[in-house]
Amino acid sequence: MTSPATIDAIQAEADMRRWLERAVIGLNLCPFAKAVYVKAQIRYAVYLPTDEAALTDMLLAEADELAALDASVRDTTLLIAPNTLADFLDFNDFTARAERRLARAGFDGVFQLASFHPRFQFAGTDADDLGNATNRAPYPTLHLLREDSVSRAVEAFPEAEAIFERNIETLEALGPDGWAALDVGPGSARP
């Protein structure tokens, strides 16, 4: 038996919108995010159970739904799992399995799966290294991106490979106090 959810869907979506607005778009961590945000082409799907058992099924259902819609209607989906996979290594393992399931379901070359986690940590870094914040979100999140949209965005951004380095520089200049001042953690938004 699982315990009741501690974060509801309204709070999870509000926190993710706040993170997207203040960190991802506000700091320009992803130069492609603003356009889909402004055009309301992002779906915020929330998985509330406290176990991961059906999360892959929900991811596949979201992929089916995204594939059925034109990119002008919905370009991307954020699948937020606020009450499960709190351990980053478990989440990382889950993400690898989810990528394989998406490929087996026929989405290889159709979607990319990006992942964000509140305790994200790049290999070889300390847990408190601010550079890890480039992939930290309020909750464990699986991000379905259309391959075609990613390709078009990369073509429009001549030095896409420099984004990661620029993001690290941005976060280092911001510093831990500046990151904390963004107030983009769990429960920060007022739905």
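See the structure printed just above.
Below is a summary of the structure that appears in this document. Worth saying up front: this structure is predicted, and the values here are computed from it rather than measured. (Residues numbered from 1 in each chain as written. Predicted model: local features only at pLDDT ≥ 70, side-chain atom pairs only at ≥ 80, totals over all residues. Heavy atoms only, no water.)

### Digging into the sheet that holds strand β3 (residues 111–116)
Ordered in space as β1-β2-β4-β3, the four strands form an open sheet in which the pairing is mixed. The sheet is open, and its two edges are formed by β1 (42–46) and β3, each paired on a single side. Direction aside, neighbouring strands of the sheet carry axes that sit 20° apart on average. Bridge count for β1 against strand β2 (residues 76–80) is five bridges, and the pairing is parallel. By the bridge assignment for β2, Tyr 44 is matched with Leu 78. (Pairing = 2+ DSSP bridges. Helix = DSSP H or I, 4+ residues; strand = E, 2+ residues; numbered from the N terminus. Axes fitted to C-alpha atoms, helices over the stretch in contact; angles between N-to-C directions.)

### Description of the pairing of β2
Along β2, five of the five residues are buried, which leaves the element largely enclosed by surrounding structure. Of the two faces of β2, both are covered, the one formed by Thr 76, Leu 78 and Ile 80 as well as the one formed by Thr 77 and Leu 79. Handedness of the crossover joining β1 and β2 through helix α3 (residues 55–68): right-handed. Two strands pair when backbone bridges link them, and β2 and strand β4 (residues 141–146) are joined in this way by five bridges, in the antiparallel orientation. The partner of Leu 79 across the bridge, within β4, is Leu 142. (Buried < 20%, exposed > 50% of the residue type's maximum accessible area, 1.4 Å probe, protein only. Right-handed = clockwise from strand over helix to strand, strands pointing away.)

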